[in-house]
Amino acid sequence: MGFDLDNLVRENVKQLVPYSSARSEFNGRAKIFLDANENSFGSPIIAGYPRYPDPFQTKLKARLAELLGIQSDQIYIGNGSDEAIDLLFRVFCRPQIDNVVICPPTYGMYEVAAAINDTVIRSTPLTPQFQLDIDAISEAIDDKTKLIFVCSPNNPTGNSITHDSILHLAAHFSGLVVVDEAYIHFSDEPSSITKIKDHPNLVVLQTFSKAWGMAGLRVGTAFANAELIAFLNKVKPPYNVSQIAQNMVFDALKMGDRVKETIAKIVEERRKLERALAEFTFVTKVYPSETNFLLVKMTGAKSVYGSLVLKGIVVRDRSNIQMCDGCLRITVGTPNENKALLNALEKYEASLVY
Ligand SMILES: *Cc1c(COP(=O)(O)O)cnc(C)c1O
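Structure report, in brief. These figures come from a predicted structure and were not determined experimentally.

**Digging into the nonpolar core**
Part 1 of the reasoning: Membership of the largest hydrophobic core comes to 74 residues, with the highest contact counts inside it found for Leu132, Val177 and Leu277.
Part 2 of the reasoning: Looking at this core element by element, the count peaks at six residues for helix H11 (residues 256–278).
Part 3 of the reasoning: Not counting residues up to four positions away in its chain, the partners in contact with Leu132 are Cys103, Leu126, Thr127, Ile137, Val150, Ile161, Ser165 and Leu169.

Spelled out as structure tokens, the structure:
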């Protein structure tokens, strides 16, 4: 079972002649652009964006490549990393024929993207320690298994998946191992990006939505070998990342140190919150976290959720999810937000009659 990219890609995608946008046919220097039916007068309301954005985000990719020590052509930039998840299905999974492996409890979009692309899901739950069940995954895969999704650190459990198990999968599986590192910046574990050169079937997803604090801009990345990235580029919507988003992220990359400070603050708040939550009588377990959220097991999760909503505080109810019975997922907020949360929980606790 060797990895063969050409064999893995859907035939229609191999044959596809991608849409050729005005900006990709001519991207040199010119004085007058009359090729894309833009409005050369510009907007009377917002200056600066009369033109279609760079379809391949050249400047942003060059900067990212430099920072990460990889090549520009090993980077895909999308309208959030959710876009990259969807494109992986489109490039590799033949509807109703191929299958993918997901390891619940995990991020819900893998399943939704599979359903949208009419791809069979083979669900292989994590072990009780929330690690990959390698034996079960080996049993689940066959020659029609195209993708295995591994979320590390995992949402909603908060822990990292061991590098050994990820690399073992990559070495022994002939499809793609997709490692979703949306929360990697909060973890002490190193990214798997450094492994893409040794493992041509490894795809690493990251995002500017979490640690970088720009969820509203919708910018996410996929890192993999250049041939694979080229297929994502072939099927992506031509202008998938707005020029505002490209510019903002480019500027933000100059201030990585400030972002690191924010991350350190969030981690510190997480530690405080973790200790405070563990004190409540109704809380039975606060799971260790390498992310910006905590998975908290409690008695009466639904009524805790309801009482928080009444105080204007929304957390994520995960209590109906496999292996997360009685759990709420709580995002770490600012010190004030966390205080408000703890106050609300104290009132809830005081209202309990034993
Ligand atoms: C939040 C999240 C994402 C979404 O990232 P976007 O770049 O905002 O689309 C992806 N994966 C996981 C595990 C997440 O929690």
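Now that the structure has been shown, the text picks up again.
**A look at empty space enclosed by the protein**
Part 1 of the reasoning: One pass over the full model with this rule turns up two cavities of 30 Å³ or more.
Part 2 of the reasoning: Size it by volume and the largest cavity reaches roughly 40 Å³.
Part 3 of the reasoning: Lining the largest cavity, in full, are Ser152, Ser160, Ile161, His163, Ile166, Glu181, Ile184, Glu189, Pro190 and Ser192.
Part 4 of the reasoning: Residue composition of the lining of the largest cavity, by class: four nonpolar, four polar and two charged.
Part 5 of the reasoning: Considered as a void within the structure, the second largest cavity measures approximately 30 Å³ in volume.
Part 6 of the reasoning: Every residue along the wall of the second largest cavity is listed here: Cys103, Thr106, Leu126, Leu132, Phe149, Val150, Cys151, Asn154 and Ile161.
Part 7 of the reasoning: Each residue belonging to the lining of the second largest cavity can be placed in one class, and the counts come to seven nonpolar, two polar and no charged.

**A look at the pairing of strand E4 (residues 145–151)**
Part 1 of the reasoning: Of all the seven residues making up E4, seven are buried; the element is thus mostly covered by neighbouring parts of the structure.
Part 2 of the reasoning: The pairing of strand E2 (residues 99–102) with E4 spans three bridges and is parallel. If you follow Val100 over to E4, its bridge partner there is Leu147.
Part 3 of the reasoning: Relative to strand E5 (residues 176–180), E4 is paired through five bridges, and the arrangement is parallel. If you follow Val150 over to E5, its bridge partner there is Val179.
Part 4 of the reasoning: A crossover links E4 with its parallel partner E5, the connecting element being helix H8 (residues 163–172), and its sense is right-handed.

**Topic: helix H4 (residues 58–68)**
An α-helix turns once every 3.6 residues. As a result, residues three or four positions apart point the same way.
Part 1 of the reasoning: Of the residues making up H4, those classed as buried are Leu60, Lys61, Leu64 and Ala65. Each buried residue of H4 lies within a common arc of 135° when the element is viewed along its axis, so the set occupies one face. Counted as exposed and oriented over 90 degrees from the buried face of H4: Thr58, Lys59 and Glu66.
Part 2 of the reasoning: Considering only its buried residues, H4 is in contact with strand E1 (75–78), strand E7 (220–223), helix H9 (226–235) and helix H10 (243–252).
Part 3 of the reasoning: Note on H4: the residue one or two positions beyond its end, Gly69, has a positive phi of about 70°.

Conventions and cut-offs
Residues numbered from 1 in each chain as written. Predicted model: local features only at pLDDT ≥ 70, side-chain atom pairs only at ≥ 80, totals over all residues. Heavy atoms only, no water. Core = buried A, V, L, I, M, F, W, Y, C linked by side-chain atoms within 4.5 Å. Buried < 20%, exposed > 50% of the residue type's maximum accessible area, 1.4 Å probe, protein only. Helix = DSSP H or I, 4+ residues; strand = E, 2+ residues; numbered from the N terminus. Contact = heavy atoms within 4.5 Å. 1 Å grid on protein atoms, 1.4 Å probe; cavity = no way out; pocket = protein on both sides within 12 Å on 5 of 7 lines; lining within 4 Å. Points joined across faces, edges and corners; volume = space filled by probe spheres on them. Nonpolar A, V, L, I, M, F, W, Y, C, P; charged D, E, K, R; others polar. Pairing = 2+ DSSP bridges. Right-handed = clockwise from strand over helix to strand, strands pointing away. Arc of directions from axis to C-beta.

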